[in-house]
Amino acid sequence: MILKAAPDNLLVSCHHLSCAYGDNVVVSDVTFSVERGEFVGIVGPSGLGKTTLLRAILGMVQPVHGEVGTVKGVRLGYVPQVESVDWNFPVTVLEVMVMTRPQRRVLPRITLAERRDANEMLERLGLGGLGDRHIRELSGGQQQRVFVARALFHNPDILVLDEPTSGVDVRTRHEVLHLLADLHQEGISVLLTTHDLNGLAAHLPRLVCLNREIIADGSPREVLVPDVLERLYGAPMHVLEHGGMPVVLDHAEGAVIKPFRPRAV
Amino acid sequence: MSVTPALAADLFEPYGFEFFRNGTVVAVAAGALCGLLGVFVVLRGMSYIGHGLSHAVFGGAAASAVMNFNYFIGAGLWGIVSGVLIGRIARRRILGADAAIGVVTTASFAVGLALLNRYGQAKRSIEAVLFGSVLGVKNGDIVAVVVVGLLAAAVIIVGYRRFLFSTFDPEVASVSGVRVSVMEAALMVMLSLTILVTMRVIGTLLISALLVIPAATARMLTNRFSSMLWLSPVIGASGAFLGMNLAYHTNTSAAAMIIIVCATAFSGVYFASGLRGKRRIAALGHL
């Protein structure tokens, strides 16, 4: 829905939002908002509301209770999970970009202006010269960048990403993180979901911890603490500090991980 | 090497017959039309839909014949309703598209069969619908195929980007303001109309092959959606033209020969296109 009366800097708002699939409530009584210029990550266990909350914000899931919406005039740029993309589909990078633009002429040719705009955006994201490549011929980082470029092609007020580092290697994860940080520096607001606590969430300015309902909302230092993590994941977890940032150990307290020793040959 | 006059006379002999000229025109138009719509069928992983919808239309054709109702209107409405129903059931994700097609279309086919057995001149009607009769086409059939072909081409050209977006990435298309369900319904209606007007040419049993083979062959030849949209109709039309001529000279079924020619082209491209082409075809999950 479109929120009509809202403060100038508000982009997205959820008010006592609940969503369910049949009898299974996956988002319960969630109230939070995203303001212009923010960089927010929604973290939590798989299957417990992150993607559903994002889909509700995008208007793809209808709430069973409460309100969710964007402020009137706010443009969303949505980047789906790379794992959901059919990489064998016969399209080039340029076609992926331009398909989002309305077809203003009868014949569906890509106009010179569209080609120029798309190439400028690709250049900006470090994809210059790749417009005529098939999407499968790109590296993991380049593939993710293409879909960010497509979302940015509409000059969105906020970029919405679903698990941007899911199914990608460490190098691609770094690339995505730096790209999003650069875009945020340029003034673009970002809202994403992630289950990657150390690789992505710990680097963000604000985290919303979701396990059907909001468990905590704050900076990584405030929310990535044992008490919150135990309530979030249902198991005690250790948190260390490294370089001024929290590092969550991905094993439960008490579990003993034996050091790896290569077998003697 | 020059073609001898005797050979040329042999090759052109069938064109002396009006039924063959009409049959060739309608077969070429049907091949191009099925090739065009087949691109969406193949890329959406719904190759079974042609098979299913043709069976559904059979039910409508039978009901129309029994009730002395106009074939195009009766079978057409029946096919369109079946197509939209399949789309709806599949989108609710309780059943996969293949299961939805199986349920709706086999039930429709069974109804048609029962109606013809009980009330109709069963054998003749069933054979005509199942195997097609390209050499018995009338002017009305030619007009129907050409009109639906032009209509489908116009709709796809005008809605090109929305069709591409909703086929490639329906979720993001929906968020971006494309009415995905409308695009899907439009495709289903065009597909139902295509099957309706080409069924009397190719027949229920072989029409799904004409929807799938040219598009799958085109997919191996190109990595561009826009190129597939002209390559696939060209392959379908060429296969129909060659198939018609070969059928005349070998005295075999025209519909069967059209499919054999298309399948031969598919095999040739499959073996000639190397690993890259085979990967592309392997990626078409539901073929």
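Everything below is about the structure printed above this text.
These lines cover the structure that appears in this document, whether it is placed above or below. (Residues numbered from 1 in each chain as written. Chains lettered and ligands numbered in written order. Predicted model: local features only at pLDDT ≥ 70, side-chain atom pairs only at ≥ 80, totals over all residues. Heavy atoms only, no water.)

### As for the sheet that holds strand 9 (residues 206-211) of chain A
Residue and element names in this part refer to chain A.
Logical step 1: Pairing within the open sheet is mixed, and its six strands lie in the order 6-7-8-4-9-10. Edge positions in the sheet fall to strand 6 (76-79) and strand 10 (213-218), since each has one partner strand and no second. On average, adjacent strands in this sheet sit at an angle of 15° to one another, irrespective of strand direction.
Logical step 2: Pairing analysis gives four bridges linking strand 6 to strand 7 (residues 158-162), with the strands arranged parallel. Across the sheet, residue V79 finds its bridge partner in strand 7, namely L161.
Logical step 3: Sheet contacts for helix 7 (residues 226-233): strand 4 (39-43), strand 9 and strand 10; angle to strand 9, the most-contacted strand, approximately 40°. (Pairing = 2+ DSSP bridges. Helix = DSSP H or I, 4+ residues; strand = E, 2+ residues; numbered from the N terminus. Axes fitted to C-alpha atoms, helices over the stretch in contact; angles between N-to-C directions. Contact = heavy atoms within 4.5 Å.)

### Considering the interface of chain A and chain B
Logical step 1: In this assembly, 32 residues from chain A lie in contact with 21 residues from chain B.
Logical step 2: Of the roughly 2400 Å² buried at the junction of chain A and chain B (both faces included), carbon and sulfur atoms supply 61%.
Logical step 3: Ranking the residues of chain A by area buried against chain B places F89(A), P90(A) and M99(A) at the top, with a combined share of 28%.
Logical step 4: Across the chain A-chain B interface, the total number found is four salt bridges. (Buried area = accessible area lost by both parts, 1.4 Å probe. Salt bridge = Lys/Arg side-chain N within 4 Å of Asp/Glu carboxyl O.)

### Details of the side chain of S208(B)
All names here are of chain B.
Logical step 1: Position of S208 relative to the elements: it lies in helix 11 (residues 204-221).
Logical step 2: Residue class for S208 comes out buried when judged on its relative accessible area of 12%.
Logical step 3: If we ignore the near neighbours within four places in the chain, the residues touching S208 are G50 and H51. (Buried < 20%, exposed > 50% of the residue type's maximum accessible area, 1.4 Å probe, protein only.)

### Digging into helix 7 of chain A
Since the α-helix turns once every 3.6 residues, residues separated by three or four places project in the same direction.
All names here are of chain A.
Logical step 1: Along helix 7, the residues that are buried comprise V228, L229 and L232. When helix 7 is viewed along its axis, its buried side chains cluster within an angular range of 95° and face the same direction.
Logical step 2: Two residues or fewer past helix 7, G234 is found with a positive phi of approximately 75°. (Arc of directions from axis to C-beta.)

So far we have only geometry, and geometry alone does not tell us how the molecule works.
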